[in-house]
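Structural overview for review
Residue strings, one per chain:
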Amino acid sequence: MMEQPRYFTPSEVASHCTSADLWVSFLGRVCDLSPLMSRYQGDVLLLPIMECAGKDISSWFDPKTKDILKFVDPLTCCERYYTPRGRFVHVPPNGPCSDWDSDIGQPWWKDRRYEVGLLSAKTRWIRILNTLTSQEQLLEVCSEETLEEILQRFLRFNSHARSYTWKHQGQILDMRKTLAENGIMDDDLELDQLRLDRDIFIPTILLNFNDDLTEG
């Protein structure tokens, strides 16, 4: 049975923005390039990547080939990688070079070992209200996530979240399904068209205590 991919929000990717902890996203994938930064520490070819730490770099790639964009040099009529920010690690030089090691294996953008998950195509905000304590928490989640995966996100705010029944408008939610599959639709587009404030219409999930406190 294949493991379900983990989804990340853009803000989660953006939080990994140092040379020791560097993530990027591109073409829907999220990659942890920290090992690459460590391996090539001090190499000037890391600079373009460091400048984009925590950001989406899909503009670097051809969506069809999944490779770095290429262009035909008008002077040499040779095909080259298009790197307007400057050449970076694993991109070959434009011409013959004595210090270029061509035996690099898979370039990092094709190496699945760096991949930690997928970037959410659309994030949503939900309000989680604990009916026992009246505490509420705003939580940004991925539209692709099931309620069980959203619960995992919420555990840092309430380690006993599994001891509650999750409900919306009086209906018990199926934790194996997404928000939309549970009938909690994403109205952001409609709200924008009506010029209504999204923050006023954030859906609320109620947590009803089951009286069987579990371990966090």
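It should be noted that the structure appears before, not after, this text.
Each residue is numbered by its place in its chain's sequence as written, counting from 1. Per-residue local features are limited, in this predicted model, to residues with pLDDT of at least 70; the limit for side-chain atom pairs, both in listing and counting, is 80 or more; totals at the level of whole chains, interfaces and linings are taken over all residues. Based on all heavy atoms of the structure, the side-chain values leave hydrogens and waters out of the count.

So, helix H4 (residues 147-154)
Because each turn of an α-helix spans 3.6 residues, side chains separated by three or four positions end up pointing in the same direction. Note the threshold: Accessible area is worked out with a 1.4 Å probe on protein chains only. A residue is then buried under 20% of its type maximum, exposed over 50%, and partly exposed in between. Secondary structure elements are taken from DSSP: a helix is a run of H or I of four residues or more, a strand is a run of E of two residues or more, and numbering for both begins at the N terminus. In this context, the arc is that of the directions from the helix axis out to the C-beta atoms.
Along H4, the residues that are buried comprise Leu147, Ile150, Leu151, Arg153 and Phe154. Down the axis of H4, the buried set is contained in an arc of 155°. They therefore lie on one face.

Here's the deal with the nonpolar core
The test is simple: Grouping buried Ala, Val, Leu, Ile, Met, Phe, Trp, Tyr and Cys residues that are joined through side-chain atoms within 4.5 Å yields what is termed a nonpolar core. Contacts were defined at the residue level, with two residues in contact if any of their heavy atoms lie within 4.5 Å.
Membership of the largest hydrophobic core comes to 24 residues, with the highest contact counts inside it found for Leu33, Ile49, Trp108 and Trp109. In terms of residues, this core owes the most to one element, strand E3 (residues 21-26), which gives three residues. The contact partners of Trp108, leaving out residues within four places of it in the chain, are Phe26, Leu33, Leu36, Ile49, Ile57, Trp60, Phe61, Phe88, Val89, His90 and Tyr114. One finds Val141, Phe154, Leu173 and Ile184 within the second-largest nonpolar core, a separate group that totals 16 residues.

Notes on the pairing of strand E4 (residues 29-32)
Under the convention used in this document: Two strands pair if DSSP finds at least two bridges between them.
As paired elements, E3 and E4 share four bridges and run antiparallel to each other. Bridging across to E4, Ser25 finds its partner in Val30. Hairpin connection of E3 to E4: two residues between the antiparallel strands, including Leu27 at a positive phi of 50°. Bridge count between E4 and strand E7 (residues 115-119): three bridges; the pairing is antiparallel. Across the sheet, the residue bridging to Cys31 is Glu115, located in E7.

A closer look at the sheet that holds strand E8 (residues 123-130)
Reading across from one edge, E9-E8-E12-E10-E11 is the order of the five strands in this open sheet, with mixed pairing throughout. Sheet topology places strand E9 (136-142) and strand E11 (171-172) at the edges, where each strand pairs with a single neighbour. The pairing of strand E10 (residues 164-168) with strand E12 (residues 204-209) spans four bridges and is classified as antiparallel. Bridge pairing in E12 links Tyr164 to Phe209.

Some thoughts on the sheet that holds E4
The sheet built from five strands is open, its strands ordered E1-E7-E4-E3-E2 with mixed pairing. Only two strands of the sheet have a single neighbouring strand rather than two, namely strand E1 (7-8) and strand E2 (17-18).

Remarks on the layout of surface pockets
Operational definition: Cavities and pockets are found on a 1 Å grid laid over the protein atoms alone: a cavity is a set of points where a 1.4 Å probe fits but cannot escape, a pocket is an open set with protein on both sides within 12 Å along at least five of seven lines, and a lining residue has an atom within 4 Å of such a point. Grid points are joined across faces, edges and corners, and a volume is the space filled by probe spheres set on the points. When residues are sorted by character, Ala, Val, Leu, Ile, Met, Phe, Trp, Tyr, Cys and Pro go into the nonpolar class, Asp, Glu, Lys and Arg into the charged class, and all the rest, Gly among them, into the polar class.
A volume near 370 Å³ is recorded for the largest pocket. Along its surface, the largest pocket is lined by 20 residues, and Trp125, Asp188, Phe201, Ile202 and Pro203 are the ones closest to its centre. When residues of the lining of the largest pocket are traced back to their parent elements, those giving at least two are E8 and helix H5 (188-193). Tallying contributions element by element places E8 first for the lining of the largest pocket, with three residues. Counted by class, the lining of the largest pocket contains seven nonpolar, five polar and eight charged residues. Around the second largest pocket, the lining is made up of 13 residues, and of these Glu79, Arg80, Tyr81, Pro93 and Asn94 lie nearest the centre. In terms of residue count, the dominant contributor to the lining of the second largest pocket is strand E6 (residues 79-81) (three residues). Of the residues in the lining of the second largest pocket, the class split is six nonpolar, three polar and four charged.

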